[in-house]
Amino acid sequence: MQKKEYMLRAIELAKQGVGWTSPNPLVGAVIVKDGRIIGEGYHEKYGELHAERNAIKHLKESAEGATIYVTLEPCCHYGKQPPCTEAIAEAGIKKVVIGSRDPNPLVAGKGVRFLRAQGIEVEEDFMREECDELNPVFFHFIQMKRPYIVMKYAMTMDGKIATKTGKSKWITSEQSRKIVHEMRDQYTAIMAGIGTVLKDDPMLNTRIEGKKSPIRIICDSKLQIPLESKICQSAKEYPTIIACADAEQEKKADLEMLGVQVLEVSKEGRVDLKKLIEILGEQKIDSILLEGGGTLNESMLRENLVNEVHVFLAPKIFGGKGAPSPVEGCGICEVKDAKEFYLQDIRKIGEDVQLTYRKEVP
Ligand code: AOF
Ligand code: ZN
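Residues numbered from 1 in each chain as written. Chains lettered and ligands numbered in written order. Predicted model: local features only at pLDDT ≥ 70, side-chain atom pairs only at ≥ 80, totals over all residues.

Things to note about the sheet that holds strand 8 (residues 215–219)
- Overall, mixed pairing links the nine strands, which are arranged 10-9-8-7-13-6-14-16-15 in an open sheet. Only two strands of the sheet have a single partner each, and these edge strands are strand 10 (260–264) and strand 15 (341–349). Across the sheet, the axes of successive neighbouring strands diverge by a mean angle of 20°, strand direction being ignored.
- One ladder, built from five bridges, connects strand 7 (residues 189–193) with strand 8; its direction is parallel. Across the sheet, residue I190 finds its bridge partner in strand 8, namely R216.
- Contacting strand 6 (148–156), strand 7, strand 8 and strand 13 (287–290), helix 12 (residues 294–302) runs over the sheet at an angle of about 140° to strand 6. (Pairing = 2+ DSSP bridges. Helix = DSSP H or I, 4+ residues; strand = E, 2+ residues; numbered from the N terminus. Axes fitted to C-alpha atoms, helices over the stretch in contact; angles between N-to-C directions. Contact = placed C-beta atoms within 7 Å.)

Have a look at this one:
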């Protein structure tokens with residue numbers, strides 16, 4: 001096997017942690033000696049062993065003189081786990097090949113320096129782009145301390161998210177909708193507006209065996225959510241946060257009785273989204289799947305809070321001036337004022353297309 005294949009294997013291992021490591025990164029590690037893999041591991045769950053220590057735990061023979069391929073710079077601090085750099089040195093590993101750099105201020109280059117000081121050879125930035133792709137959420141959250149926000153919507157070829165009478169079941173195929181459900185497992189929280197709750201009475205959970213459901217966040221300025229809605233009635237089972245501008249205290253108490261966390265974050269009579277996102281970050285929510293309607297989507301974009309956009313494009317045309325589109329609000333006048341993204345990926349899903357965009361890094 002070649003160097004590249006070892007790192008690809010480490011990436012594949014890292015992905016097995018999807019949905020379980022938040023707010024920590026996905027990390028994979030492979031230990032190689034004499035052209036053979038002698039140990040493998042990945043970060044399986046938040047708070048548990050790091051990838052490197054898992055790989056060392058699974059060693060089939062001594063790692064004296066071996067090379068470790070790790071998708072992220074090994075840590076050198078005491079957190080929930082002791083430093084991986086020490087475990088690497090103690091195992092007698094002689095070379096460390098690293099994919100991503102760790103922007104965590106507690107690590108950020110110190111891991112590499114520690115290893116070199118121990119006489120261990122370190123190669124940095126090997127397949128960095130591929131490794132970085134594992135952790136856009138972690139990189140954003142550890143630096144910005146607020147969640148990475150992924151806006152998702154399904155639309156027709158003419159950019160409609162419903163017919164003029166509001167019908168949207170279903171725009172995309174079953175296959176696309178299954179992918180969306182998988183996304184719900186991948187991100188820590190899901191966010192929708194009160195409009196969606198009033199219209200569809202959704203559960204906003206993940207209906208796939210063995211997958212976990214996201215924390216549900218509803219933006220509801222006037223606290224209109226019906227106590228008998230499915231969201232409220234299932235709040236003891238699925239953590240639920242309702243953000244409002246002004247809460248009538250009696251309604252707030254009723255919601256809290258049902259297990260809902262009510263957050264009052266007001267700015268000029270509406271939910272202060274910036275503040276809300278900050279509070280959610282403090283609550284360790286590292287990522288949010290935004291399934292808003294046009295109004296919430298526009299507000300989030302206007303506040304520059306959206307990091308990634310997934311468009312599921314269906315081969316249908318609805319037409320109709322009054323048919324809703326994914327981003328509403330009052331819009332802009334000049335093209336130069338557009339919110340810009342770059343195309344990160346195109347994927348064909350049967351007859352639908354999934355387009356992934358990322359925010360332009362200024
Ligand atoms: C992980 N898993 O495989 C690696 C991590 O609080 P701790 O001890 O779990 O440390 C978390 C930090 O450790 C994390 O922010 C990242 O900088 C570093 N590396 N973390 O959870 C891993 N290698
Ligand atoms: Zn570590």
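Don't stop here, the text continues.
Focus: the sheet that holds strand 4 (residues 95–100)
- Read from one edge of the open sheet, five strands run 2-1-3-4-5, paired in mixed fashion. Strand pairing shows two members of the sheet lacking a second neighbour, strand 2 (36–42) and strand 5 (121–123), which therefore form its edges. For this sheet the average axis-to-axis angle between neighbouring strands, irrespective of direction, equals 20°.
- Here strand 4 pairs with strand 5 via three bridges, running parallel. Looking across to strand 5, one finds that V97 is bridged to E123.

Structural notes on the site of ligand 1
- Around ligand 1, 17 residues are found, and the nearest of them are N24, H43, H50, G79 and N104.
- For the shell around ligand 1, a count of residues per class yields eight nonpolar, seven polar and two charged. (Near = placed C-beta within 6 Å. Nonpolar A, V, L, I, M, F, W, Y, C, P; charged D, E, K, R; others polar.)

Description of the UniProt feature "domain: CMP/dCMP-type deaminase" (unreviewed entry) in the protein
- Sites flagged by UniProt as "domain: CMP/dCMP-type deaminase" (unreviewed entry) map to residues 1–123.
- Here residues 1–123 is 28% helix and 23% strand, with 18 Å between the C-alpha atoms at its ends. (UniProt positions renumbered as here; feature names shortened; annotations may be inferred.)

Side note on the environment of N54
- Examined against the element boundaries, N54 turns out to sit in helix 2 (residues 51–57).
- The class for N54 is buried, based on 21 C-beta atoms found within 10 Å.
- Spatially, the C-alpha atoms of N54 and H43 are 7.4 Å apart, while their sequence positions differ by eleven residues.
- If we skip the residues at most four places from it in the chain, N54 touches G41, Y42, E44 and L49. (Buried ≥ 20, exposed ≤ 12 C-beta atoms within 10 Å, placed from the backbone.)

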